Amino acid sequence: MTDLIARLRAAVGDAHVLTEGDLAAYEQDWRKRMRGKALAVVRPASTQEVAAVVRACAEAGAPIVPQGGNTGMVVGSTPDASGREVVLSLKRMNQVRHIDPANMTVTADAGCVLQNLQEVTEAAGHLFPLSLAAEGSCTIGGNLATNAGGTQVLRYGNTRDLCLGLEVVTAQGEIWDGLSGLRKDNTGYDLRDLFIGSEGTLGVITGATMKLYPLPAATLTAWAAVPSLEAAVSLLGLAQQTLGASLTGFEVMGQFALSLVAKHYPQQRVPFLQETPFCVLLENADQESEAHARAQFERLLETALEQGLVTDAVVAENIAQARQLWHVRESIPLAQADEGLNIKHDISIPVSRIPQFCSETGALLTSHIPGVRLVNFGHLGDGNLHYNVQAPEGGDAAAFLSEREIEVNTLVYDQVQKFDGSISAEHGIGLLKAEKLPHHKSPVALGMMRAIKLALDPGNLLNPGRVLGSLR
Ligand code: FAD
Ligand code: 2HG
Ligand code: ZN
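Residues numbered from 1 in each chain as written. Chains lettered and ligands numbered in written order. Predicted model: local features only at pLDDT ≥ 70, side-chain atom pairs only at ≥ 80, totals over all residues. Heavy atoms only, no water.

Caption draft 1: Spatial organisation of the pairing of strand S14 (residues 278-286). In terms of burial, S14 is a largely internal element, nine of the nine residues being buried. Bridge analysis of strand S12 (residues 218-226) against S14 gives nine bridges, and the strand direction is antiparallel. Among the inter-strand pairings, Thr219 is bridged to a residue of S14, identified as Ala285. (Buried < 20%, exposed > 50% of the residue type's maximum accessible area, 1.4 Å probe, protein only. Helix = DSSP H or I, 4+ residues; strand = E, 2+ residues; numbered from the N terminus. Pairing = 2+ DSSP bridges.)

Caption draft 2: Looking closely at the coordination of the zinc ion (ligand 3). Only His379 (NE2), His386 (NE2) and Glu426 (OE) from the protein reach the zinc ion (ligand 3) as donors, at distances of 1.9 to 2.1 Å. Within one chain, the residues donating to the zinc ion (ligand 3) are spaced in sequence as H-x6-H-x39-E. Here Glu426 lies in the loop between helix H15 (397-418) and helix H16 (437-440) and His379 lies in strand S18 (residues 373-379), a separation of 47 residues in the sequence. On the basis of relative accessibility, which here comes to 4%, the residue His379 falls in the buried class. (Donors = N, O, S within 2.8 Å, 3.2 Å for Na, K, Ca; no water.)

Caption draft 3: Expanded view of the domain arrangement of the protein chain. Assigned domains of the protein chain: these are domain 1 (2-89), domain 2 (96-214), domain 3 (218-333), domain 4 (340-418) and domain 5 (434-462 + 468-472). One C-alpha centre belongs to domain 2, the other to domain 5; they are set 24 Å apart. Taken together, the contact between domain 2 and domain 5 spans nine residues of the former and six residues of the latter. For the domain 2 and domain 5 pair, buried surface summed over both sides reaches about 620 Å², with 72% attributable to carbon and sulfur atoms. Taken together, the connections running from domain 2 to domain 5 amount to zero salt bridges. (Domains from an automatic or database assignment. Contact = heavy atoms within 4.5 Å. Buried area = accessible area lost by both parts, 1.4 Å probe. Salt bridge = Lys/Arg side-chain N within 4 Å of Asp/Glu carboxyl O.)

Caption draft 4: A look at a negative patch on the surface. On the surface, Glu298, Glu302, Glu306 and Glu317 cluster together into a patch of negative charge. Tracing the chain through its elements places Glu306 in helix H11 (residues 290-306). (Patch = residues over 30% accessible without salt bridge, like charges linked within 9 Å, V, L, I, M, F, W, Y side chains within 5 Å. Areas by Shrake-Rupley, 256 points an atom, 1.4 Å probe, with all protein chains shown as cover. Lys, Arg positive; Asp, Glu negative; His and termini not counted. Charge placed at Lys NZ, Arg CZ, Asp CG, Glu CD.)

Caption draft 5: Representation of the packing of aromatic side chains within the structure. One pass over the structure, following the stated rule, counts four aromatic pairs. Taking the centre distance of 5.4 Å and the plane angle of 70° together, the rings of Phe357 and Tyr387 count as edge-to-face. Residue Phe357 is located in helix H14 (residues 354-368), and its partner Tyr387 is located in strand S19 (residues 384-390); the two are separated by 30 residues in the primary sequence. On the accessibility criterion, Phe357 (0% relative accessible area) is buried. By the ring-pair criterion, three or more aromatic residues cluster together here, those being Phe357, Tyr387 and Phe419. (Phe/Tyr/Trp six-rings, centres within 6.5 Å; stacked < 30°, edge-to-face > 60°.)

Caption draft 6: Seen up close, the sheet that holds strand S6 (residues 105-109). Spatially, five strands are ordered S5-S6-S10-S8-S9 in an open sheet, and the strand pairing comes out antiparallel. Lying at the two open borders of the sheet, with one neighbouring strand each, are strand S5 (96-100) and strand S9 (175-178). When strand polarity is set aside, the average angle formed by the axes of neighbouring strands in this sheet is 15°. Relative to strand S10 (residues 203-211), S6 runs antiparallel, the two being bridged by five bridges. When the bridges of S10 are listed, Thr107 appears paired with Thr209. Set on the sheet, helix H3 (residues 47-60) makes contact with S5, strand S8 (163-170), S9 and S10; between it and S8 the angle comes to about 45°. (Axes fitted to C-alpha atoms, helices over the stretch in contact; angles between N-to-C directions.)

Caption draft 7: Summary view of the site of ligand 2. With respect to spatial proximity, the complete set of residues near ligand 2 consists of Met73, Arg329, Pro333, Lys344, Phe377, His379, His386, Asn388, Glu426 and His427. At 2.7 Å, a side-chain N or O of Lys344 approaches an oxygen atom of ligand 2. In the complex, the protein chains occlude 90% of the 290 Å² of accessible area that ligand 2 would expose alone. Grouping the constituent residues of the shell around ligand 2 by class yields three nonpolar, four polar and three charged. (Near = heavy atom within 4 Å. Polar contact = N/O pair within 3.5 Å; in protein donor to acceptor, adjacent residues only side chain to side chain. Nonpolar A, V, L, I, M, F, W, Y, C, P; charged D, E, K, R; others polar.)

Caption draft 8: The arrangement of the side chain of Thr276 in detail. Along the polypeptide, Thr276 turns up in the loop between helix H10 (255-264) and S14. Within the local environment of Thr276, its side chain forms a polar contact with the backbone oxygen of Val226, the two atoms lying 2.7 Å apart. For Thr276, the contacting residues outside a window of four places in its chain are Ala225, Val226, Pro227 and Gln255.

Caption draft 9: Structural context of helix H9 (residues 229-243). Its 15 residues give H9 an end-to-end C-alpha distance of 20 Å, which sits within 8% of 21 Å, the value for a rise of 1.5 Å per residue. When H9 is considered as a whole, its buried residues turn out to be Leu229, Ala231, Ala232, Val233, Leu235, Leu236, Leu238, Ala239, Thr242 and Leu243. Considering only its buried residues, H9 is in contact with S12, strand S13 (247-254), S14, H11 and H14. Downstream of H9 by one or two residues, Gly244 has phi in the positive range, about 55°. (Expected span 1.5 Å × (residues − 1).)

Caption draft 10: Representation of the site of ligand 1. Neighbouring ligand 1 are 35 residues, the closest being Pro66, Gly68, Thr71, Gly72 and Thr139. Within the complex, the protein chains bury 97% of what would otherwise be the 980 Å² of accessible surface of ligand 1. At the level of elements, strand S3 (64-67), helix H5 (140-146) and S10 are the ones that each hand at least two residues to the shell around ligand 1. Per-element tally for the shell around ligand 1: the top contributor is H5, with five residues. When its residues are assigned to classes, the shell around ligand 1 shows 13 nonpolar, 20 polar and two charged. Formed jointly, the shell around ligand 1 draws a minimum of three residues from each of two domains, domain 1 (2-89) and domain 2 (96-214).

Dropping the structure here:
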């Protein structure tokens, strides 16, 4: 392996091949579920350098773990404990390459931090709508590799829907320049869509061309107390009817999830916390004017109050207030982490069936595990719930996970299957859910996925074991 390290150093420079010192930022996943050991962390600065790194690793038979911001939720971007895997960090490839205003596209390096991409495009007068709480550290390459969702999917779709072209280094170390800004291109198989959502198992994304949108004239945020999940689903229907395409976000938050924010961040004010089992956060991005958006929002909320779908509501008066409301919502994953290790289920269910799913599954879980705490929130507008499970109050969270995680996952995922849902709506499979995938995907689908993996990466060197588990 000394030969490999020497080749990596030659490819990217000595200072960018890390083999000692504190590598926790690269070896530990965000949720602290696993800590691995890398053979080396390599930080290339260009697509050519990525290609040279991949070629060197391929010749040495060293597995590669691509890594962006390392904010993933399913342990996909950190090395295993073998000490054999090379972490390929894209963080130095962080430039916005080009904005094409007439084509409404932006082309950026894969390691470009999402918030930076949002800010640069906004300064140029455009909206890049992908938005999630990790945006200050996740990268556009990681967003593409996981096909991230976030809080604007209702209006703009997932990351896949925002992407027009990719640049990828293949498992053989070749560069595929697919950086097209075309909205129509039917010239055979869609290679771009193959790499999106492949979680680093098929190629290393080094650049992307993404769609831009006009900035809205006004964006308003409302927070509503709802008496039940059924009411939240009806409110979603009413909001879609009233606001049409202006409805850009519709998030639901359970009382216990919000109480964790109040507990761990007492400086934050959580509206209606004591009064209601669920709150909903709505966003209305209007192309006309703030007055128009406010009038529409008020009409919606008045009707909802009359119909008993909402018991109380507040519309943010200004941007600072809107940010505070979003901050409460986005603090839930952090507050949950502060509360202790936990089990996450990032599931999607047809929206209409979510209330029944929650009442049935909640009853099953509490009868199996008295005192279990459900941290329930998510992107209701997309049918995507974060149906998370926290150990009973005062219990040892690590012991709870080692004793009960398999049972809890089986119970929840069996319910998801019963309700025609998916066991991963937006976070992906990684290492954490790889064992579960065969139970929830048809043998035909799995067979095609394995065939694609072996065709593109016959040596199984790109993120081996993630998504598909062992290929043998
Ligand atoms: P990483 O975590 O570094 O990597 C994720 C996966 O992609 C790994 O398998 C890795 O190998 C692969 N990968 C990374 N870069 C590349 C590349 N250039 N080429 C090939 N493969 C690559 N996710 C959502 O979908 N919606 C949310 O609302 C959301 N909110 C979050 C909130 C918080 C507080 C946190 C911590 C996470 C959240 N996430 C959310 C999860 C996470 O932010 C996303 O999965 C994000 O897309 C990961 O980007 P990253 O750059 O951190 O990727
Ligand atoms: C979010 O929507 C993220 O905030 C994280 O997808 C979800 O912590 C989670 O379970
Ligand atoms: Zn989410």
